[in-house]
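If you want the building blocks of each chain, they are given just below.
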Amino acid sequence: MDGQKRIQSALISVFHKDGLEPIIRELARLDVAIYSTGGTQDFIERLGVPVTPVEELTTYPSILGGRVKTLHPKVFGGILGRRDLQSDVAQLEEYAIPPIDLVIVDLYPFEATVAGGGQESEIIEKIDIGGISLIRAGAKNHADVVIVPSMAQYAELLRLLKEQDGRTTIAQRKGFAAAAFAVSSHYDSAIYNWFSGAQGDLRLSAGPTTVLRYGENPHQKGAFHGDLAGMFEQLNGKELSYNNLLDLDAAVELIDDLTTIPGAAFAILKHNNACGAAVRPTVKEAWDAALAGDPVSAFGGVLISNAPIDKATAEAIDAIFFEIIAAPGFDADALEVLRKKKNRMILVRKPANRPKVKVRTALNGILTEEADTVVAEAASMKAATQKAPTAQETADMVFATLLVKNTKSNAIVLARNNQLLASGTGQTSRVDALEQAIAKAGRFNFDLSGAVMASDAFFPFPDCVEIAHHAGITAVVHPGGSIRDQDSIDYCNAHGMAMCITGTRHFKH
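Below, the structure is looked at part by part. Throughout, residues of each chain are indexed from 1 in the direction in which the sequence is written. Selection of residues for local features in this predicted model requires a pLDDT of at least 70, selection of side-chain atom pairs for listing and counting requires 80 or more, and totals for whole chains, interfaces and linings are taken over all residues. Hydrogens and water molecules were not included; the side-chain quantities draw on all heavy atoms of the structure.

A word on a negative patch on the surface
Residues forming no salt bridge and having over 30% relative accessible area are the ones grouped into patches, like charges within 9 Å of each other and nonpolar side chains (Val, Leu, Ile, Met, Phe, Trp, Tyr) within 5 Å. All accessible-area figures derive from a Shrake-Rupley calculation using a 1.4 Å probe, and residue coverage is judged against the displayed protein chains alone. What counts as a salt bridge is simple: a side-chain nitrogen of Lys or Arg found within 4 Å of a carboxyl oxygen of Asp or Glu. Residues counted as positive are Lys and Arg, residues counted as negative are Asp and Glu, and His and the chain ends are not counted. We put the charge of a Lys on NZ, of an Arg on CZ, of an Asp on CG and of a Glu on CD. On the surface, a cluster of negative charge is contributed by E315, D331, D333 and E336. Numbering of helices and strands starts at the N terminus; helices are DSSP runs of H or I of at least 4 residues and strands are runs of E of at least 2. Turning to its location among the elements, D331 is positioned in the loop between β14 (322-327) and α14 (332-338). A relative accessible area of 35% places D331 in the partly exposed class. We call a residue buried when its accessible area falls under 20% of the maximum for its residue type, exposed when it is over 50%, and partly exposed in between, using a 1.4 Å probe and counting protein chains only.

The following block contains the structure:
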């Protein structure tokens with residue numbers, strides 16, 4: 001047997017009412033007795049559907065400002081009572097406790113209140129007690145009870161009500177129970193993380209799971225855990241892949257940093273590294289300058305801007321093959337141009353909060369660290385040489401430092417006039433990274449005279465500044481911290497170069 005049970009009674013107590021009406025009407029069609037409280041009861045009554053107040057069942061009013069409404073044996077007894085255990089059935093009858101076959105409940109918006117900058121007292125009041133208890137009780141007794149812990153399960157419940165006339169199998173109830181414990185564990189993790197701050201043990205719960213086509217390679221399975229729809233609205237194209245998401249993560253971090261510079265920013269990324277980036281007065285100018293940095297690597301790249309895309313920019317972009325474009329908006333005529341390729345992924349970025357803690361597996365455990373939120377600015381450029389950088393060189397060093405922060409180590413970035421000229425990425429020596437960058441700049445006909453160089457870490461020897469000087473670079477910036485910093489400073493002083501030290505290293509592995 002499949003353990004079929006028919007829903008004859010329901011307890012409904014939800015914070016969000018969206019999508020609830022069709023469920024209420026189906027329950028009414030099936031003559032299901034409904035118990036409810038507070039705003040949910042008012043909502044059901046306005047639909048003209050009979051509903052019994054929970055207070056009538058318990059003979060207790062909602063007390064303590066709504067903190068205690070459903071916490072009562074007549075509620076939890078009805079949920080937890082085992083229908084196939086005679087002693088439970090006898091006690092339910094003895095105390096006039098009606099069995100409850102369906103529980104629809106959601107939780108106070110704790111995470112949204114924290115994210116919205118709520119006061120501590122407001123956040124505390126959004127710690128749900130009754131709701132979480134109802135969810136756990138319903139899930140525990142899934143042998144008899146259907147538990148619907150959030151709006152995400154409304155569609156499946158509605159389908160069962162319509163197609164099975166309120167009957168459910170044990171497998172279906174167990175599926176709802178699994179979803180219920182996913183909701184409760186995520187909720188408790190969020191509360192724990194708020195109380196503990198950065199000092200507590202790791203508690204991971206990222207939200208809904210999206211199964212991806214595959215992982216980094218086709219033979220690997222992959223999934224994304226989190227609210228991807230809260231980050232982007234996809235307007236066109238195929239499903240995002242594992243590698244797409246990694247590139248988008250790198251792109252979002254970079255464009256957010258570049259947004260600290262006035263103007264429209266545009267970046268092109270491949271394998272998590274920028275191959276083109278620029279800030280200009282208009283988005284079209286930013287695109288042109290970004291593409292010039294490496295028009296070869298831009299093929300198949302991920303494009304991102306902090307400015308809406310207009311038709312002129314869309315027509316220029318459409319001339320090359322690319323995988324993804326993300327921006328805060330697209331003009332209607334720009335979308336018409338970009339949608340010509342059906343697989344091209346077009347994303348509107350939403351104002352979503354990103355994790356403050358970075359997480360990755362390592363060995364037989366997990367590594368965590370605070371996100372690198374240090375953003376370069378003119379004030380962080382501390383001159384270490386006799387020659388101070390010009391205003392333009394200072395601005396270019398800020399731009400280059402923002403880029404090198406977002407480039408795989410060992411990394412060198414060459415820039416001028418808020419444009420990435422070339423970079424050396426992921427090299428085992430800083431000299432190799434610099435030589436790679438210089439060679440790449442030459443390949444695309446960039447004259448490095450008057451350009452600046454940024455390094456993600458200190459120069460252990462003066463060889464890098466010497467190579468940069470011979471290439472025409474006039475100013476360099478790095479974190480400093482080597483016991484031989486002075487050697488590089490001395491070379492710069494002897495050859496009329498400016499050097500700034502920021503004091504902040506930006507390794508990225």
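Examining the pairing of strand β12 (residues 273-280)
Among the 8 residues in β12, 8 count as buried, and that is most of the element. Bridge count between strand β11 (residues 264-270) and β12: 7 bridges; the pairing is antiparallel. Across the sheet, L269 pairs through a bridge with A274, a residue of β12. Paired strands, as defined in this entry, are two strands with at least two bridges between them according to DSSP.

A closer look at the environment of K238
Structurally, K238 can be placed in the loop between β10 (232-236) and α11 (242-258). In this analysis, two residues are considered to be in contact whenever any of their non-hydrogen atoms come within 4.5 Å of each other. Beyond its immediate chain neighbours, meaning those up to four positions away, K238 contacts R213, E323, K342, N343 and M345.

Topic: the state of the cysteines
Note on terminology: disulfide describes a covalent bond linking the sulfur atoms of two cysteines. Two cysteine sulfurs form a disulfide in these notes if their separation is within 2.5 Å. Scanning the entire structure with this criterion turns up 0 disulfides. Cysteine C464 shares no disulfide, and the gap to the nearest cysteine sulfur, in C492, comes to 11 Å. Here C500 stays unpaired: no disulfide links it, and the sulfur of C492, its closest cysteine neighbor, is 10 Å away. Taking the relative accessible area as the measure of exposure, C500 reaches 0% and is therefore buried.

Overview of the environment of A371
When you line up the elements, A371 lands in the loop between β17 (365-370) and β18 (382-383). The sequence separation of A371 and D396 amounts to 25 residues, and the corresponding C-alpha distance is 24 Å. Not counting chain neighbours up to four residues away, the residues in contact with A371 comprise P355, K356, V357 and K358.

Some points on the packing of aromatic side chains
Aromatic pairs are defined between Phe, Tyr and Trp rings, using the six-membered ring for Trp, whenever the two ring centres lie within 6.5 Å; interplanar angles under 30 degrees are classed as stacked, those over 60 as edge-to-face, and all others as tilted. For the coordinates displayed, the defined rule picks out 6 aromatic pairs. Each member of the aromatic cluster is reached from another via a ring pair, and the members are F110, Y187, W194 and F195.

Remarks on the pattern of salt bridges
Evaluated as defined, the whole model comprises 20 salt bridges. With a shortest N-O distance of 2.7 Å, K440 and D294 are connected by a salt bridge. With K440 in helix α16 (residues 430-443) and D294 in the loop between α12 (283-293) and β13 (301-305), the pair connects residues that are 146 residues apart, well separated along the chain. A relative accessible area of 16% means that K440 is categorised as buried. With its nearest N and O atoms 3.2 Å apart, the salt bridge here joins K340 to D318. Taken together, the positions of K340 in the loop between α14 and β15 (345-349) and D318 in the loop between α13 (311-317) and β14 put the pair 22 residues apart, joining distant regions of the chain. In this structure K340 comes out as exposed when scored by relative accessible area, which is 57%. A relative accessible area of 15% means that D318 is categorised as buried. A cluster of three or more residues bridged by salt bridges with shared partners is formed by D249, E253, D256, R349, R354 and K358.

Thoughts on helix α1 (residues 21-29)
Of all the positions in α1, only I23, I24, E26 and L27 are classed as buried. The arc enclosing the buried residues of α1, seen along the axis, measures out at 165°, which places them on a common side. Contacts from the buried residues of α1 go to β2 (9-13), β3 (33-36), α2 (38-46), β5 (102-105) and α9 (154-164). By definition, the arc is the one covered by directions from the helix axis to the C-beta atoms.

Remarks on unusual backbone geometry
Most peptide bonds take the trans configuration, and most residues that are not glycine carry a negative phi. Residue N410 is bonded to the preceding S409 through a cis peptide linkage, with omega at -10°. Phi is positive for D165, which is not a glycine, with a value near 50°. Mapped onto the elements, D165 comes out in the loop between α9 and β7 (167-168). The phi dihedral of N418 is positive, around 55°, even though this residue is not glycine. Turning to its location among the elements, N418 is positioned in the loop between β19 (412-416) and β20 (419-424).

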